[in-house]
Amino acid sequence: MTAAQENYWARMRRVLAYVDAHLDDELDLAVLSHVAVFSKFHFHRQFSATFGLSVHRYVQLARLKRASQTLAWDDTQTITAIAMDAGYDTPDAFARAFRQRLAQSPSSFRKSPDWPSWLSAFGPLDNARGKAMQIIFERDDVTILDVPDMPVAIMEHRGSRAKIKETSERFRAWCEASGLSVGSGRSSFMVFRSEREPAVPEDYSVDLCVSTDRSISREDEWMKAGTIPGGRCAVLRYPGNTNNLEPAALYLYRDWLPESGEELRDFPIYARRQLVPIADIRAHEVVVDLYLPLK
């Protein structure tokens, strides 16, 4: 990356950081273009071209995400107060926007959050953040853990990665129907049994899993029971929810492993996605840990 490109991205990252820190303030085009030190006459197009959504949409999603977390984890605040904090003039306007984005009313979400839909709803926000991140991993970011066996329900995807979205949607629907969402204290896993971009696209292979020890009906054509074997693993946490763990995997294989002196055991690298508490506030965030099995 050239110095000019790095400077450009640094200014864009500054905008995202400012939005995170000032969700209760006025966040219009004039304010954010000033933070980025870009012309307000062009900034909306620059932002959309860079992140794939408009400034207004990004701010709206950021506020709505905070509101959804508050609904789920802080029952001391009323829905009306949460609506006002999210920038809506009335609870009805907030409810309409919330239902349109998450397919649940605020009161329904508070009682029983549909976490798979929540993850999907804020995908554009996570994608925008991912594009802005220039992540540099270091040796201290890797922890070696002795993990237990993990019983799981497995949906296999075999074939082109272009079709993984269909499998993922089928997997989420099955988890939701079975009461096995990530938000209920469970974790979802992806076991990568091939390269991300194999020479033959149809050789792409990954297992989608959710933690559970319940039996799976033999009549279920999509799912089967299995176990992610326990043992020593090098664990690297990706800073944010992402569907592209290639940078993290590359760091583990290319940089960390040769320097560590460790040897790999015969099980594929896999990812664990879960909800974890955010320090000092009653909210949760999705994090992704990459596990590299060791002898």
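For the structure itself, look to the data block above.
My aim in this report is to walk through the structure given alongside it, one point at a time. These figures come from a predicted structure and were not determined experimentally.

Calculation notes
Starting afresh in each chain, residues are numbered from 1 along the sequence in its written order. Side-chain atom pairs in this predicted model are given and counted only at pLDDT of 80 or more, local residue features only at pLDDT of at least 70, and totals for whole chains, interfaces and linings cover all residues. Side-chain numbers here rest on the full set of heavy atoms in the structure, without hydrogens or water. What counts as a helix is a DSSP run of H or I of at least four residues, what counts as a strand is a run of E of at least two, and both are numbered from the N terminus. Both definitions apply: the radius of gyration is a C-alpha atom measure, and the globule rule equals 2.2 Å times residues to the power 0.38. Exposed residues in this analysis have more than 50% of their type's maximum accessible area, buried residues have under 20%, and partly exposed residues fall in between, with area computed by a 1.4 Å probe over protein chains only. Note on contacts: a residue pair is in contact if any heavy atoms of the two residues lie within 4.5 Å. Here the open area of atoms and residues is found with the Shrake-Rupley method and a 1.4 Å probe, where only the protein chains shown may cover a residue. Here a pair means two rings of Phe, Tyr or Trp (six-membered ring of Trp) with centres within 6.5 Å. Their orientation is stacked below 30 degrees between planes, edge-to-face above 60, and tilted elsewhere. Two limits define a charge over a ring: the Lys NZ or Arg CZ must be within 6 Å of the ring centre, and within 35 degrees of the ring normal. Salt bridges are defined as contacts in which a side-chain nitrogen from Lys or Arg sits within 4 Å of a carboxyl oxygen from Asp or Glu. Residues belong to a common nonpolar core when they are buried Ala, Val, Leu, Ile, Met, Phe, Trp, Tyr or Cys residues joined through side-chain atoms within 4.5 Å. Helix span, as expected, comes to 1.5 Å for every residue beyond the first. Each C-beta atom gives one direction from the helix axis, and the arc is the one those directions make.

Summing up its helical and strand segments, the chain has 11 helices and eight strands in all. For the chain, whose C-alpha radius of gyration is 21 Å, the value lies close to the compact-globule estimate of 19 Å for 295 residues. Principal-axis analysis of the C-alpha atoms gives the chain an extent of 55 × 50 × 40 Å. Expressed as a percentage of its 295 residues, the buried residues of the chain come to 44%. Across the chain, the fraction of contacts at a sequence separation of at least 24, relative to all contacts at a separation of at least 6, is 69%. Carbon and sulfur atoms make up 50% of the accessible area of the chain, which totals about 15800 Å².

Further remarks concern the packing of aromatic side chains. Tallied over the entire structure, the rule returns 15 aromatic pairs. The interplanar angle of 25° and the centroid separation of 6.3 Å between the aromatic rings of Phe38 and Phe43 together place this pair among those described as stacked. Residue Phe38 shares its accessibility class with Phe43, and that shared class is buried. Among the aromatic side chains, those forming a connected cluster through ring pairs are Tyr8, Trp9, Phe38, Phe43, Phe47, Phe51 and Tyr58. Note that Arg170 overlies the ring of Trp222, its terminal NZ or CZ placed 3.9 Å from the centroid.

Turning next to unusual backbone geometry. Of note, the phi angle at Val37 is positive, near 60°, even though the residue is not glycine. Val37 gets classed as exposed once you look at its relative accessible area, which sits at 54%. If you check the backbone angles, Ala103 has positive phi at about 60° while not being a glycine. Here Ala103 lies in the loop between helix H6 (91-102) and helix H7 (106-111).

Before going further, it helps to spend a moment on the pattern of salt bridges. Taken as a whole, this structure holds nine salt bridges when the rule is applied. For Glu197, the salt bridge is made with Arg161, and the minimal N-O distance between the two is 2.5 Å. Of the two residues, Glu197 sits in the loop between strand E3 (188-192) and strand E4 (205-211) while Arg161 sits in the loop between strand E2 (150-158) and helix H10 (164-178), which places them 36 residues apart along the sequence. Here Arg161 falls in the partly exposed class, since its relative accessible area comes to 27%. Residue Arg232 is joined to Glu262 by a salt bridge in which the shortest nitrogen-to-oxygen separation is 3.0 Å. Linking Arg232 in strand E6 (residues 231-238) with Glu262 in the loop between helix H11 (246-260) and strand E7 (270-277), this pair joins segments that are 30 residues apart in sequence. Given a relative accessible area of 28%, Arg232 falls into the partly exposed group. In this structure Glu262 comes out as partly exposed when scored by relative accessible area, which is 22%. One continuous salt-bridge network, built from bridges that share partners, spans Glu156, Arg158, Arg193, Asp207 and Lys224.

Turning to the nonpolar core, a few remarks are in order. With 41 residues, the main nonpolar core has Val19, Phe43, Phe47 and Phe94 as its most contacted residues. Those elements that place two or more of their residues in this core are helix H1 (3-21), helix H2 (29-36), helix H3 (43-51), helix H4 (55-73), helix H5 (79-85), H6, helix H8 (115-121) and helix H9 (123-132). Ranked by residue count, the leading element in this core is H4, at eight residues. Core analysis: the next-biggest nonpolar cluster, separate from the first, contains 18 residues, Ala234, Ala248, Tyr251 and Leu257 among them.

Bringing H1 into the picture now. The end-to-end C-alpha distance of H1 is 27 Å, a good match for the 27 Å that 19 residues give at a rise of 1.5 Å each. The set of residues buried in H1 consists of Trp9, Arg11, Met12, Val15, Leu16 and Val19. Down the axis of H1, the buried side of the element spans an arc of 155°, and every buried residue falls inside it. Opposite the buried face of H1, at more than 90 degrees from it, the exposed residues are Ala3 and Ala21.

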